[in-house]
Amino acid sequence: MKEQFLAAVPVIEKLEAAGFEAYFVGGAVRDLLLNKEINDVDIATSATPEEVKQIFSKTVDVGIEHGTVLVLYQNQSYEITTFRTEAEYEDFRRPKAVSFIRNLKEDLQRRDFTMNAIAMDKDGNLIDPFKGELSIKNQVIQTVGKAADRFQEDALRMMRAVRFVSQLSFRIEDETLNALINLVHLLDNIAVERKHTEFDKLLLGDNRKQAIQLILKTNMNSYLPGLSNQEARLKLMLEYKLDRLTTREMWALLVFCLELKSKDIEGFLRDWRSPIKEIREIQLILHYLDKRFEESWSSYDLYMATKDIFLSAEVLYLVIKGIETKDTIYQYIQVYEGLPIKNRSEMDVTGNDLMEWFNKSGGPWIKELLLKIEQAILAGSLINQKKMIKEWLLKCNHN
Ligand code: ATP
Ligand code: MG
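Residues numbered from 1 in each chain as written. Chains lettered and ligands numbered in written order. Predicted model: local features only at pLDDT ≥ 70, side-chain atom pairs only at ≥ 80, totals over all residues. Heavy atoms only, no water.

1. Some thoughts on the overall build of the protein
Condition: What counts as a helix is a DSSP run of H or I of at least four residues, what counts as a strand is a run of E of at least two, and both are numbered from the N terminus. As a reference, a globule follows 2.2 Å times the number of residues to the power 0.38, and the radius of gyration itself is taken over C-alpha atoms. Residue exposure (1.4 Å probe, protein chains only): buried if accessible area is under 20% of the type maximum, exposed if over 50%, otherwise partly exposed. In what follows, residue pairs with any heavy atoms lying within 4.5 Å of each other are defined as contacts.
Looking only at helices and strands, one finds 20 helices and 11 strands in the protein. Relative to a compact globule of 399 residues, whose C-alpha radius of gyration would be 21 Å, the protein shows 27 Å and is clearly more extended. By its C-alpha atoms, the protein is 80 × 55 × 40 Å across when sized along the principal axes. Expressed as a percentage of its 399 residues, the buried residues of the protein come to 46%. Sequence-distant contacts, at least 24 apart, represent 62% of the contacts inside the protein between residues at least 6 apart.

The structure is reproduced here in structure tokens:
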């Protein structure tokens, strides 16, 4: 068993000592069987959230209505979820009722795919009533039970199937794929936030191109924000070498392929419920990318962009141009590293200094003067030392 599981064995033992059942479940067991890196170790138990909270001293209620309690144990955190079933209402309507149960098999039965419905006890024995291990061996994504029923219960599972194609390079089993093709429109009922989480993972998978192809083949794009009727532009993504791009770079490339006008980028990303910080970063990357198509960046551009942003923009530039060498990346890094300051806060002068030196009260003049100083430092015509800056100001009479 891998270290992460071994570290969690005492957590399971504590639950068992209190008279409950507890198992490793979900993605961690799947990834262990695949010999892949494990994200987080999830535990399922017959104890109710209240009972879990009585057993462990440090807990956080992260999703108590779904039966999930976060347990902090020896500097690690574990999501412990009570065995549950999901009673569905008709018409795919929310909220769903969740009921806690004491039976592991029923808990495994409510899970989406056979590969995700395997439990493992603390000794490493598998409890696998839906032949998940076989699915993993055959590299197939197959729903637990009838695919059409499972997708009608929760349409997000269709998007999860495509996300797993991207991450695991498995194929979707025929009945599951047919149900997906027939029911993909039900994704209209799903909250964008949930779609976003899956899409982020999909964009980052090793097999991301096949996943994008599958989105097109199943017409899933028609039910994703801003992507309906964009088949031709989405296909453009497939022409590029995508494998090394980060999530943020993938989003930026997507926006680039969609040929959105700069005023429309924010709206598109807001429709996806992207956090504002990410929106701003993607806008910046695209701004510097645009500029790069016109000319090389100056050292001032690199400074203004910041390293993170210009590196992403350059990576995208090379991908779009089909350039394999990384020479320009190294060159830009070298220029950047040679900059006398990387950030406004590194200037050896403050607004207070200026007020004192010129014996004037605050006002817009401070900002203007600081900008002049900043530009002189970056141009190399002024050394970033308080004394030098003061002399330079008095000599040039910059007040
Ligand atoms: P990852 O490695 O990305 O965390 P994961 O399989 O653990 O993959 P999670 O979203 O963390 O995915 O979900 C944990 C487990 O909960 C899944 O393995 C699956 O058993 C179950 N699950 C998650 N979402 C659903 C869903 N929409 N329907 C049914 N079961 C689900
Ligand atoms: Mg997980």
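Having put the structure on the table, let's press on.
2. A look at the pattern of salt bridges
Spelled out, the test is: By salt bridge we mean one thing: a side-chain nitrogen of Lys or Arg within 4 Å of a carboxyl oxygen of Asp or Glu.
What the rule picks out here adds up to 26 salt bridges. The partner of Glu50 in a salt bridge is Lys53, with the nearest N and O atoms 4.0 Å apart. Taken together, the residues Glu50 and Lys53, both in helix H3 (residues 49-55) and three residues apart, mark about one turn of the helix. Across the salt bridge formed by Glu153 and Arg150, the nearest N and O atoms sit 3.0 Å from each other.

3. Focus: the environment of Ile383
Mapping Ile383 onto the fold places it in the loop between helix H19 (364-379) and helix H20 (386-396). Counting along the chain gives 35 residues from Ile383 to Asp348, while the straight-line C-alpha distance between them is 9.5 Å. The residues touching Ile383, leaving out its near neighbours within four places in the chain, are Met388 and Ile389.

4. Let's talk about the pairing of strand S3 (residues 59-63)
Both faces of the sheet carry side chains from a regular strand, because those side chains alternate between them. Rules: Two strands make a pair as long as DSSP finds a minimum of two bridges between them.
As judged from the four bridges shared by S3 and strand S4 (residues 68-73), these two strands associate in the antiparallel manner. Bridging across to S4, Val60 finds its partner in Leu70. The hairpin formed by S3 and S4 contains four residues between the paired strands, and Gly67 there has a positive phi angle of roughly 90 degrees.

5. Things to note about the site of ligand 1
For the record, the criterion: Note on terminology: near, applied to a residue and a molecule or strand, indicates that one of the residue's heavy atoms is within 4 Å of it. Between N or O atoms, a polar contact is any pair within 3.5 Å; within protein, one atom must be a potential hydrogen donor and the other a potential acceptor, and residues adjacent in sequence are included only when both atoms are from side chains. Using the Shrake-Rupley algorithm and a 1.4 Å probe, accessible areas are obtained, with residue cover drawn only from the displayed protein chains. A cavity, in this analysis, means grid points on a 1 Å lattice covering only the protein atoms where a 1.4 Å probe fits yet has no way out; a pocket is instead an open set bounded by protein on both sides within 12 Å along at least five of seven lines, and a residue lines either one if it has an atom within 4 Å of a point. Think of it this way: a molecule belongs to a cavity or pocket when more than half its atoms come within 2 Å of the grid points there. Under the scheme applied, nonpolar residues are Ala, Val, Leu, Ile, Met, Phe, Trp, Tyr, Cys and Pro; charged residues are Asp, Glu, Lys and Arg; polar residues are all the others, including Gly. Note: domain ranges come from an automatic or database domain assignment.
Taken together, the neighbourhood of ligand 1 is formed by 16 residues, with Arg30, Asn116, Arg157, Arg163 and Lys201 sitting nearest. In this structure, Asp112 approaches ligand 1 through a main-chain N or O atom, which is 3.1 Å from a nitrogen atom. In this structure, a nitrogen atom belonging to ligand 1 sits 2.7 Å away from a side-chain N or O atom of Arg157. Bound to the protein, ligand 1 loses 82% of the 590 Å² it would expose on its own. In a pocket analysis with a 2 Å cut-off to the grid points, ligand 1 is assigned to the largest pocket. For the shell around ligand 1, the secondary-structure elements that each account for two or more residues are helix H2 (27-33), helix H7 (156-168) and helix H9 (192-204). At four residues, the largest contribution of residues to the shell around ligand 1 is made by H7. By residue class, the composition of the shell around ligand 1 is one nonpolar, four polar and 11 charged. Residue contributions to the shell around ligand 1 reach at least three from each of two domains, namely domain 1 (1-137) and domain 2 (139-224).

6. Brief notes about empty space enclosed by the protein
Stated formally: Grid points are joined across faces, edges and corners, and a volume is the space filled by probe spheres set on the points.
In total, this model carries two cavities of 30 Å³ or more according to the counting rule given. Along its surface, the largest cavity is lined by Phe199, Leu203, Ile212, Ile215, Leu227, Leu234, Met237 and Leu254. If you list the elements that add at least two residues to the lining of the largest cavity, you get H9, helix H10 (208-217) and helix H11 (231-237).

7. With respect to helix H8 (residues 174-183)
Using the following cut-off: Read the arc as the range of directions from the helix axis to the C-beta atoms.
Among the residues making up H8, those that are buried are Thr176, Leu177, Ala179, Leu180 and Leu183. The buried residues of H8 occupy one face: seen down the axis, they fall within an arc of 160 degrees. Exposed and facing more than 90 degrees away from the buried side of H8 are Asp174 and Asn182. Turning to H8, the residues buried within the fold contact strand S10 (140-141), helix H6 (147-153), H7, strand S11 (171-172) and H10. The opening residue of H8 is Glu173, an N-cap whose side-chain oxygen sits 3.0 Å from the backbone nitrogen of Glu175.

8. Some remarks on the side chain of Asn116
Looking at the element boundaries, Asn116 is found in the loop between helix H4 (104-109) and strand S8 (119-120). Separated by 2.6 Å, the side chains of Asn116 and Arg30 make a polar contact. Setting aside anything within four residues of it in sequence, one finds Asn116 in contact with Gly26, Arg30, Arg111, Arg160 and Phe164.

9. Regarding the domain arrangement of the protein
Interface size, as often reported, equals the accessible area lost upon joining of the parts. Each assigned domain of the protein is listed here: domain 1 (1-137), domain 2 (139-224), domain 3 (239-339) and domain 4 (345-396). A straight line from the C-alpha centre of domain 3 to that of domain 4 covers 32 Å.

10. Considerations on the side chain of Lys195
The condition is simple: Positive: Lys, Arg. Negative: Asp, Glu. His and the chain ends are not part of the count.
As for its position among the elements, Lys195 is in helix H9. Within the buried core, Lys195 has no salt-bridge partner, and the shortest N-O distance to an opposite charge, that of Asp188, equals 5.0 Å. A polar side-chain atom of Lys195 sits 2.8 Å from the main-chain carbonyl oxygen of Tyr223. The contact partners of Lys195, leaving out residues within four places of it in the chain, are Leu156, Met159, Leu187, Asp188, Ile190, Tyr223, Leu224 and Trp272.

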